[in-house]
Amino acid sequence: MLNDPLILASLGLVLLSLALFYWPESTDEPAQPPAEPEKDDGLFPLALLSAPKASGEHQAAAEAGRILETINDLFAQQNINAAAVSVQTGPTAWTVEIDHPFTTSRKSLTSEKILNDIGAALSKSHIRALATREGVKTLGIEITRATPAAVCLRALLQSPEYRGAQGDLLVPLGVRADNGLPLVEDLAAGPHAVITGTTGSGKSIALNALICALLYRYGADALQLVMIDPKCTELAPYGDLPQMLQPVVTDMSEAAPTLAALCDEMDTRYKFLESKRKRDISELSAKTRPPRIVCIIEEYADLHGSQHGETVSALVQRLAQKARAAGIHLVLVTQRPTVRCLPSEIKTNINLRITGRLPTNGDSRTVLDQSGAEKLAGKGDMLAYVGGEIVRYKSPYISTGEITNIVAHLALPAGRKTTATDWFRMWQADNGDIEGRIIKGPYEGRALNDLQSHQIAILAILTQNCHDSQQLLGAWIAQTGGEMPTTDPARYRALMGLASHYTKSELKKAWMSLRGKTHPDRGGSAEE
C-alpha cells in the first residue's frame, strides 16, 4: 500500500506542510546600514569634552518608590487628607506630586512642620515646596538627593533640545530637576543675565560652561566677548580667543573706560539702526548685521564697592536699559547679591537670573524675588528665573583641562593680535589722540590728549569741594565759561571716575601746562 504513488505523494505533502508550519522563523534581522557618526558641526570637536559616564540612576529610581510610600504613611498617621501620587527622578532632586482636595489648603501642606516631618521620615535635610505651576493641579515638593547625578556639557551640546532650538545666543544651562530634560535658553532674549552663588555652589563652573557653549556655536563673525575679571584668574584662559574684543580687563581702573566704550558702541549701533529704519539688529540683513557683544563682569559686587563703583554702576545701568536692541548683553557674576549692587533699575532688565546656593532667604529674594536658594545642595544645584517662573536644574561640569583644550583649539596663532586690542585702541583714538600728552601718576604710561587732560584736571579739582552733581556742574560752567565737558552723561561720569586716579597736585600741574595751548584762559586761575 505504501508503494502506491498517490499515497506517497499525499504523505509527502503532509510532511512538507508540517515542516513549514513548525519551522522556526529566522531571528536574523535584515542588514542595517552602518550608523552615521554623531553630527558635530561646532567650532571645536566634542571630543575635547568628557563623554557622559554611567551614573546610579537606577538606585535613585528605586528610592523613589520608598519616598512615595513613606510620605503616604506619614499623611495617614497625621490624618492629612492628601496623597503622594507620583515621583519624578531628576539629576539633583526627586519631585513628589501630591494630590489633595480643595478642602485641604496648600498652606497647611507646605508648612514648616510638615516639611520637617517629611524630612525626618526620609532622613533628608533639604526639602522645598514648589510654587503653583501653570497647568498643574497637584502640589510639588522637591527632595534633594544626597548624591546628585553628573551632567556633562558634551551631552547637552548633543541633545536634540539644544540642536533644534531657535535663538541668537543659545545656551544649554543644564538638566531640569523635574523632568530630566535639557534646559536651553536664549541669552539674547534675556537680554542680560546675572549669576550668583557662594563658594562651592558651582557658580564659576556654570559660568565657564556658559562661555564654552557660546564658543561651540558662535564664531567671531557672530559673537564678540568683553571680559572684566578683577580676580585676574577666572577668565584669564580666554584672553587669546578670536572672539575677544580686547584682552581680559583685570585692573579695576580699566572697567569704567571699557564700559564707556561699550556705551559708545551702543550709540553708534543705534545711529546705524536709525539710518536703516530698523528697531533691532536682528532685523538687519546678514551682510549689515554687526556681531552681538557679550560683556561678562566677574565679582561685580566687589567692583561696585570699589572707588570706581559709582561710575561702573551708572554705565552698567545704562547698558542694561538700552543695549538689548543694539545687540549688547551683560552677564553679571557675584558671590553674594545685594540690593545696592542689583537695584531695581538693573534687575528689571535682567530676565535670566541664575543662582546657586546662597546664605539666606533674603539673598535669594534679591535675585529670584522668592526664597529657595538657601536650600540648594551646592555643586551645580541651581535655580533660574526664566520665562517668569523658577526652574531648578543641574548645571554641567567642565574641568580646567577641558577649558584649556578648547581655548588651545580656538586661539589665534602666536603673534597675531586680536581684534579686541585694535577695537579698544580705536575707541581711544576716537576720543582723543593717543599719541598726545601723558599725565604721570597712577595712570603712568596711559596716553591722553589735551582735551581729555583738561577735562579730567578740572573735574578732579572741582570735586575736591563739590559734593553734589548740580553744584559740580555749576562750578564747571563758571570755571570754563559755559563749555560742557561732554554731552554724554555716561562719558561725563566716566571722566569723573578717571579723575579719581590722580592727585590734585598732579592734575593742577597738568592743567597749568595746558593753559594757553589748546584752551585759552577764560578768566580765573587753577587755584580758584
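Residues numbered from 1 in each chain as written. Predicted model: local features only at pLDDT ≥ 70, side-chain atom pairs only at ≥ 80, totals over all residues. Heavy atoms only, no water.

Once that is clear, we can look at the sheet that holds strand S8 (residues 223–228). Spatially, S6-S5-S13-S12-S11-S7-S10-S9-S8 is the arrangement adopted by the 9 strands of the open sheet, whose pairing is mixed. One side of each edge strand has no neighbouring strand; the edge strands of this open sheet are strand S6 (182–186) and S8. Pairwise comparison of adjacent strand axes, ignoring direction, gives a mean angle of 25° for this sheet. Packing of helix H7 (residues 203–217) onto the sheet brings it into contact with strand S5 (170–176), strand S7 (193–196), S8, strand S9 (292–297), strand S10 (328–334) and strand S12 (381–386), and relative to S5 it is tilted by some 135°. The strands touched by helix H12 (residues 361–368) within the sheet are S7, strand S11 (352–355), S12 and strand S13 (389–394), with S11 carrying the most contacts at an inclination of about 160°. (Pairing = 2+ DSSP bridges. Helix = DSSP H or I, 4+ residues; strand = E, 2+ residues; numbered from the N terminus. Axes fitted to C-alpha atoms, helices over the stretch in contact; angles between N-to-C directions. Contact = heavy atoms within 4.5 Å.)

This part takes up the sheet that holds strand S3 (residues 127–129). The strand order across the open sheet built from 4 strands is S1-S2-S4-S3, with neighbouring strands paired in antiparallel fashion. In the strand order of this sheet, the two ends are held by strand S1 (83–89) and S3, each with one partner. Averaged over all adjacent pairs, the angle separating strand axes in this sheet is 25°, with direction ignored. Examined bridge by bridge, S3 and strand S4 (residues 139–144) share 3 bridges and lie antiparallel to one another. By the bridge assignment for S4, Ala-129 is matched with Ile-141. Against the sheet, helix H4 (residues 112–122) touches S3 and S4, its axis set at about 145° to S3.

So, about the nonpolar core. Residues Met-227, Tyr-238 and Val-331 are the most contacted members of the largest nonpolar core, which totals 52 residues. With 10 residues, H7 is the single largest residue contributor to this core. Setting aside its immediate chain neighbours within four residues, Met-227 contacts Ile-211, Leu-235, Tyr-238, Met-244, Val-248, Val-249 and Ile-296. Membership of the second largest hydrophobic core comes to 38 residues, among which are Val-194, Leu-319, Ile-346 and Val-367. (Core = buried A, V, L, I, M, F, W, Y, C linked by side-chain atoms within 4.5 Å. Buried < 20%, exposed > 50% of the residue type's maximum accessible area, 1.4 Å probe, protein only.)

Another aspect to go through is the confidence of the model for the protein. Per-residue pLDDT for the protein has a mean of 76; in total, 69% of the residues score no lower than 70. When the criterion is pLDDT under 50, residues 25–37 qualifies, and its contacts beyond four places in sequence or with other chains add up to 0 contacts. In this model residues 415–429 is a low-confidence stretch, pLDDT under 50, and it forms 34 contacts with partners more than four residues away in sequence or in other chains. (pLDDT = per-residue confidence, 0-100.)

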